[in-house]
Amino acid sequence: MTRRFPVTALALSVLFTTFTTMMAQADTQITMSPMADGLDTPWGIAILPDGGLLVTEREGELLHFRDGVRREVAGVPDVAARGQGGLLDITLARDFAQTRELFLTYSKPQRGGAGTALAVARLSQDSTRLENLRVLFEMASGSSGGRHFGSRVVEAADGTLFVTIGDRGDRPSAQDRGNHNGAIVRINRDGSVPRDNPFVGQADVLPEIWSFGHRNPQGAGFDASGQLWTAEHGARGGDELNRVKKGANFGWPVISYGRHYSGAKIGEGTTRSGMEQPLHYWDPSIAPSGLLVYQGEMFPNWQGDIFVGSLKFDYISRLEVSGNAAREAGQIKSDQTSRVRDLIEAPDGSIWFISVGDGVVYRMARAGA
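Predicted model, so just to flag it, every value in this text is computed and none were measured.

Cut-offs and rules
- Residues numbered from 1 in each chain as written.
- Predicted model: local features only at pLDDT ≥ 70, side-chain atom pairs only at ≥ 80, totals over all residues.
- Heavy atoms only, no water.
- Helix = DSSP H or I, 4+ residues; strand = E, 2+ residues; numbered from the N terminus.
- Rg over C-alpha atoms; globule rule 2.2 N^0.38 Å.
- Contact = heavy atoms within 4.5 Å.
- Areas by Shrake-Rupley, 256 points an atom, 1.4 Å probe, with all protein chains shown as cover.
- Lys, Arg positive; Asp, Glu negative; His and termini not counted.
- Charge placed at Lys NZ, Arg CZ, Asp CG, Glu CD.
- Buried < 20%, exposed > 50% of the residue type's maximum accessible area, 1.4 Å probe, protein only.
- Phe/Tyr/Trp six-rings, centres within 6.5 Å; stacked < 30°, edge-to-face > 60°.
- Lys NZ or Arg CZ within 6 Å of the ring centre and 35° of its normal.
- 1 Å grid on protein atoms, 1.4 Å probe; cavity = no way out; pocket = protein on both sides within 12 Å on 5 of 7 lines; lining within 4 Å.
- Points joined across faces, edges and corners; volume = space filled by probe spheres on them.
- Nonpolar A, V, L, I, M, F, W, Y, C, P; charged D, E, K, R; others polar.
- Salt bridge = Lys/Arg side-chain N within 4 Å of Asp/Glu carboxyl O.
- Pairing = 2+ DSSP bridges.
- Axes fitted to C-alpha atoms, helices over the stretch in contact; angles between N-to-C directions.
- pLDDT = per-residue confidence, 0-100.

### Quick look at the overall build of the protein chain
1) Next: What the protein chain contains, in helices and strands, is two helices and 26 strands.
2) Next: By the compact-globule yardstick of 21 Å for 369 residues, the protein chain fits well, its C-alpha radius of gyration being 20 Å.
3) Next: Taken over the C-alpha atoms alone, the protein chain extends approximately 55 × 50 × 40 Å along its principal axes.
4) Next: Sequence separation of 24 or more characterises 56% of the internal contacts of the protein chain that already satisfy a separation of 6 or more.
5) Next: When the accessible surface of the protein chain is summed, it comes to about 14600 Å², and 47% of that surface belongs to carbon and sulfur atoms.
6) Next: Charged side chains in the protein chain number 38 positive and 42 negative. The centres of these two groups are separated by 3 Å.

Written as structure tokens, this is what we have:
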């Protein structure tokens with residue numbers, strides 16, 4: 001399916017819009033430019049080396065944008081598009097320039113319902129279809145609920161893949177390492193289990209698990225040192241920024257800074273021995289989604305800062321990390337930051353993000369860049 005996507009009235013209205021946001025040491029003007037529009041519940045984005053853009057839509061479409069042309073990419077996996085499920089994240093393999101491989105996470109139809117899955121495929125040379133699609137991982141086991149699939153996929157420097165999975169609405173299951181609910185899993189590029197995963201060989205524990213006790217991590221990214229960070233939906237007043245540790249228990253639902261939506265207390269309170277603390281939590285909750293640890297040159301004062309999209313309050317949170325704490329140092333908020341779902345860093349150091357409210361992918365750049 002191929003069609004032109006014209007620059008719409010919406011796009012014209014924001015193409016040269018600027019607003020001012022405080023950086024660490026100086027005021028900097030930033031432009032928000034639309035790179036793709038007309039999107040229906042977009043979830044993940046990836047920039048191709050040739051300048052093209054891939055966008056997932058939750059209902060199950062993968063779209064390719066290049067030089068004013070929009071195409072639907074054929075060959076995507078079947079998805080269970082209900083509730084929060086569907087076609088979710090997309091990440092290019094580190095060696096995409098040689099292999100043209102990419103990774104997709106999605107809610108896979110399973111016996112008993114659906115579960116978070118990870119697939120790998122090759123993008124054809126003309127970017128019109130996926131080839132040799134194969135499932136590398138699917139959670140055990142499926143359930144009928146439509147909530148808390150996660151689900152981001154990121155590739156570490158050693159080539160292993162990390163996938164975030166929510167508790168699927170079954171709170172106690174996040175403490176049960178006999179399933180993948182509420183876990184971050186780590187696998188090799190071929191789907192096998194790395195021998196140095198923390199629970200390999202332990203009875204009644206699934207070997208793919210890297211960490212557990214998560215509620216619904218929808219943001220994930222590595223910093224320059226290779227440390228994995230996640231942004232996680234908590235209950236009311238308990239969204240979290242976490243520094244993920246091998247084998248760690250992040251506490252859900254035994255501890256939380258949030259409360260049930262009824263106002264009732266969750267678990268035992270906010271702390272328990274052997275359970276990790278978030279480096280930051282948001283109260284009120286912001287409904288965090290995509291996460292980016294910025295390492296680019298376009299905004300040097302932001303290097304090392306963590307950016308998290310807010311689905312609830314329509315802004316991008318900028319966090320500074322110091323030791324074992326992080327603080328929200330700023331908010332990037334404009335007419336274009338409507339339900340920010342995903343954020344990625346482009347090769348030139350600009351930040352591209354999804355505005356679900358507008359159905360647009362925007363490029364955030366220094367004015368004139």
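### So, the environment of Gly296
1) Next: Assignment of secondary structure puts Gly296 in the loop between β20 (288-293) and β21 (306-310).
2) Next: The exposure class assigned to Gly296 is buried, which follows from its relative accessible area of 5%.
3) Next: In sequence terms Gly296 and Pro347 are 51 residues apart; their C-alpha atoms lie 7.9 Å from each other.
4) Next: When residues no more than four places from it in sequence are discounted, the contact partners of Gly296 are Gln303, Glu345 and Gly349.

### Quick look at the packing of aromatic side chains
1) Next: According to the stated counting rule, one finds nine aromatic pairs in the structure shown.
2) Next: Note on Tyr294 and Phe307: the rings are 6.2 Å apart at their centroids and 75° apart in plane angle, and the pair reads as edge-to-face. Residue Tyr294 is found in the loop between β20 and β21, and its partner Phe307 is found in strand β21; the two are separated by 13 residues along the sequence. The pair Tyr294 / Phe307 is uniform in exposure class, with both members buried.
3) Next: Clustering of aromatic rings is evident, with ring pairs tying together Tyr294, Phe299, Trp302 and Phe307.
4) Next: The ring of Phe149 has Arg168 lying over it, and the distance from NZ or CZ to the ring centre is 3.9 Å.

### With respect to empty space enclosed by the protein
1) Next: Using the criterion set out here, one finds two cavities of 30 Å³ or more in the structure.
2) Next: Its volume calculated, the largest cavity comes out at about 90 Å³.
3) Next: Considering the residues around the largest cavity, the lining is formed by 13 residues, among which Arg215, Glu232, Gly238, Glu240 and Trp252 are closest to the centre.
4) Next: Here the second largest cavity is characterised by a volume of approximately 40 Å³.

### With respect to the layout of surface pockets
Any empty space left between atoms is shown by rolling a water-sized probe over those atoms.
1) Next: Of the volumes computed, that of the largest pocket is approximately 1000 Å³.
2) Next: For the largest pocket, the lining is made up of 37 residues, of which Thr91, Arg94, Val154, Glu155 and Glu345 are closest to its centre.
3) Next: Counting residues per element, the ones that place at least two in the lining of the largest pocket are β4 (42-47), β8 (87-92), β12 (153-155), β16 (217-222), β20 and β24 (340-345).
4) Next: A class-by-class count of the residues in the lining of the largest pocket yields 23 nonpolar, five polar and nine charged.
5) Next: Here the second largest pocket is characterised by a volume of approximately 350 Å³.
6) Next: Lining the second largest pocket are 23 residues, and of these Gln84, Asn216, His233, Tyr261 and Ala287 lie nearest its centre.
7) Next: When the residues that make up the lining of the second largest pocket are grouped by side-chain class, the tally is seven nonpolar, eight polar and eight charged.

### Concerning the pattern of salt bridges
1) Next: Counted by the stated rule, this structure contains 20 salt bridges.
2) Next: Ionic pairing is found between Asp158 and Arg186, a salt bridge with its closest N-O pair at 3.2 Å. On the criterion of sequence distance, the pair formed by Asp158 in the loop between β12 and β13 (161-164) and Arg186 in strand β14 (residues 184-187) is long-range, its members being 28 residues apart.
3) Next: The class for Asp158 is exposed, based on a relative accessible area of 53%.
4) Next: Judged by its relative accessible area of 5%, Arg186 is buried.
5) Next: Measuring nitrogen to oxygen at the nearest pair gives 2.7 Å for the salt bridge that ties Arg318 to Asp305. Of the two residues, Arg318 is situated in strand β22 (residues 316-322) and Asp305 in the loop between β20 and β21; the sequence distance between them amounts to 13 residues. One exposure class covers both Arg318 and Asp305, and it is buried.
6) Next: It is possible to trace a salt-bridge network through shared partners that takes in Asp95, Glu101, Arg134, Glu155 and Arg189.

### Here we look at unusual backbone geometry
1) Next: Going from Gly150 to Ser151, the amide bond is cis rather than trans, its omega being 5°.
2) Next: Counting through the fold element by element, Ser151 comes out in the loop between β11 (130-138) and β12.
3) Next: A cis amide bond, omega -5°, links Trp252 with the succeeding residue Pro253.
4) Next: Following the sequence through the fold, Pro253 ends up in the loop between β18 (239-243) and β19 (280-282).

### A short note on the sheet that holds β12
1) Next: Taken in spatial order, the four strands line up as β12-β13-β14-β15 in an open sheet, and their pairing is antiparallel. Among the strands making up the open sheet, the edge pair consists of β12 and β15 (209-211). Across the sheet, the mean angle from the axis of one strand to that of its neighbour is 30°, orientation sign disregarded.
2) Next: By the bridge criterion, three bridges tie β12 to β13 in an arrangement that is antiparallel. Residue pairing in the sheet places Val153 in a bridge with Val163 of β13.

### Section: the confidence of the model for the protein chain
1) Next: Across the protein chain, the average pLDDT comes to 92, with 92% of residues at 70 or higher.
2) Next: A low-confidence stretch, residues 1-26 stays under pLDDT 50, and its non-local contacts, those more than four residues away or across chains, total 68 contacts.

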